[in-house]
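Fold and geometry: a report
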Amino acid sequence: MKFNTITIHGGQQHEEATGAVMTPIFQTSTYAQSSPGQNKGYEYSRAANPTRTALENAFASIENGTHGFAFASGLAAIDCVLRLLKPGDEVIAGDDLYGGTYRMFTRLFERYGLKFQYVNMNNPNNVVEAISSATKLIWIETPTNPLMKIADIEAIALAVKNVNKDLLIAVDNTFATPYLQRPLDLGADIVMHSATKYLGGHSDLVMGALMVKDENLAKELHFIQFAAGAVAGPMDSFLALRGIKTLHVRMQRHCENGKKIAEFLNEHDKIEKVFYPGFSDHEGHEVAKKQMKDFGGMVSFRFKDSNKATAFKFLESTKVFTLAESLGGVESLVNHPVTMTHASIPEEERLKIGITNSLIRLSVGIEDIDDLLADLEQALAQL
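Residues numbered from 1 in each chain as written. Predicted model: local features only at pLDDT ≥ 70, side-chain atom pairs only at ≥ 80, totals over all residues. Heavy atoms only, no water.

Re the layout of surface pockets
Any empty space left between the atoms is revealed when a probe the size of a water molecule rolls over them. Its volume calculated, the largest pocket comes out at about 440 Å³. In terms of lining residues, the largest pocket is bounded by 16 residues, among which Gln13, Glu15, Glu16, Tyr42 and Pro50 are the most central. Class assignment for the residues of the lining of the largest pocket results in 6 nonpolar, 7 polar and 3 charged. The space that makes up the second largest pocket amounts to roughly 370 Å³. Around the second largest pocket, the lining is made up of 21 residues, and of these Gly74, Leu75, Tyr98, Ser194 and Lys197 lie nearest the centre. Listing elements by their share of the lining of the second largest pocket, those giving two or more residues are α3 (74–82) and β6 (190–194). When the residues that make up the lining of the second largest pocket are grouped by side-chain class, the tally is 7 nonpolar, 9 polar and 5 charged. (1 Å grid on protein atoms, 1.4 Å probe; cavity = no way out; pocket = protein on both sides within 12 Å on 5 of 7 lines; lining within 4 Å. Points joined across faces, edges and corners; volume = space filled by probe spheres on them. Nonpolar A, V, L, I, M, F, W, Y, C, P; charged D, E, K, R; others polar. Helix = DSSP H or I, 4+ residues; strand = E, 2+ residues; numbered from the N terminus.)

Have a look at this one:
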């Protein structure tokens, strides 16, 4: 099946008892057994729930994987991956990460003996040069949050596996979604999503996802999911299933609107720089063209005026764009990374990579583009 069909039918079956077209919400914690250990495939909902199973099958399908896993949040999914490691192991990650990922790495897992190196993944050689005997995992985010850096997944995977075929490569595919790129097909071992964002698509759930192809890796992840217990509930699983069915049509509009917003901002005299991989002068543009179907609906920009008050005035002036955390919903959101999504990253580290007081991140929704452009125009006029 083509992707637009997979989002609707991939990994799905009509419910056996009634023939229900949509997967029911199996709001149950436990299941009757005919004899001790004899059941119909389900015994306790932490291990498996039919609604979550349907979602996990859909997760696997849209990323062209064989196994999917649904978690209580994106960070719970990342936590599961890190639990594959042991004290003394090292992770090489990009230098521009979602603040919650960085916080988990530095404030939770460093205390348990994991080590982390941060490199600019624009160049695959930077990753290879950082590999040591302790390295066990490469953590890639592309496009990055919030600076929209692009990492060449295939080139990194080939280079890393050439050094050590046993090194795991995980890709946070939240910004791109499988509509734009499929990391498993490019050599990654694990794909992670904050399904809270584009996969759910309606700002009404919090969820994480992992997708893999390797059977043994899938068994390990399932054991950790079961043993640690940070699973997605049936209601959220139902909502995510519903969201995935419209992923392709939503992403088309996100991409269309994102391109026009980026072009508008790029021509505005109050804007110093726009971060958008669809521009030919973007450092990762050629890689993005190669590995992505389009350039997505995320756009960041920096004002010429570096005063935080200017940024705040703009953020307080939008009317269609809502000032809020998160991204990937049908509605357009505006965000100030320094004080919101990336506040947990030390100022020195933020400034080193370019997350400044005047940086703004937009999650461009699927509203009418004329209304979005008019809103930005009026907000910029307030400055």
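Resuming the write-up.
Let's talk about unusual backbone geometry
Cis geometry marks the peptide bond from Thr142 to Pro143; its omega dihedral reads -10°. The residue after Asn145, namely Pro146, is reached through a cis peptide bond having omega 15°. Counting through the fold element by element, Pro146 comes out in the loop between β4 (135–141) and α6 (153–163). Residues other than glycine seldom take positive phi values, yet Asn64 does so here, at roughly 60°. Secondary-structure assignment places Asn64 in the loop between α2 (50–62) and β1 (67–71). Asn64 sits in the partly exposed class, given a relative accessible area of 35%. (Buried < 20%, exposed > 50% of the residue type's maximum accessible area, 1.4 Å probe, protein only.)

As for the packing of aromatic side chains
For any two aromatic rings, the description comes down to two numbers: the centre-to-centre distance and the angle of the planes. Counted according to the given criterion, the structure contains 11 aromatic pairs. Aromatic pair Tyr276 and Phe295: ring centres 6.2 Å apart, planes at 70°, arrangement edge-to-face. Here Tyr276 is found in the loop between β8 (271–275) and α11 (285–291), whereas its partner Phe295 is found in the loop between α11 and β9 (298–303), with 19 residues between them in sequence. An aromatic cluster is defined as three or more aromatic residues linked by ring pairs; in this entry it consists of Phe105, Phe116 and Trp139. Positioned above the aromatic ring of Phe226, the side-chain terminus of Arg46 is 4.8 Å from the ring centre. When the ring centre of Phe275 is taken as reference, the NZ or CZ atom of Lys273 above it lies at 5.3 Å. (Phe/Tyr/Trp six-rings, centres within 6.5 Å; stacked < 30°, edge-to-face > 60°. Lys NZ or Arg CZ within 6 Å of the ring centre and 35° of its normal.)

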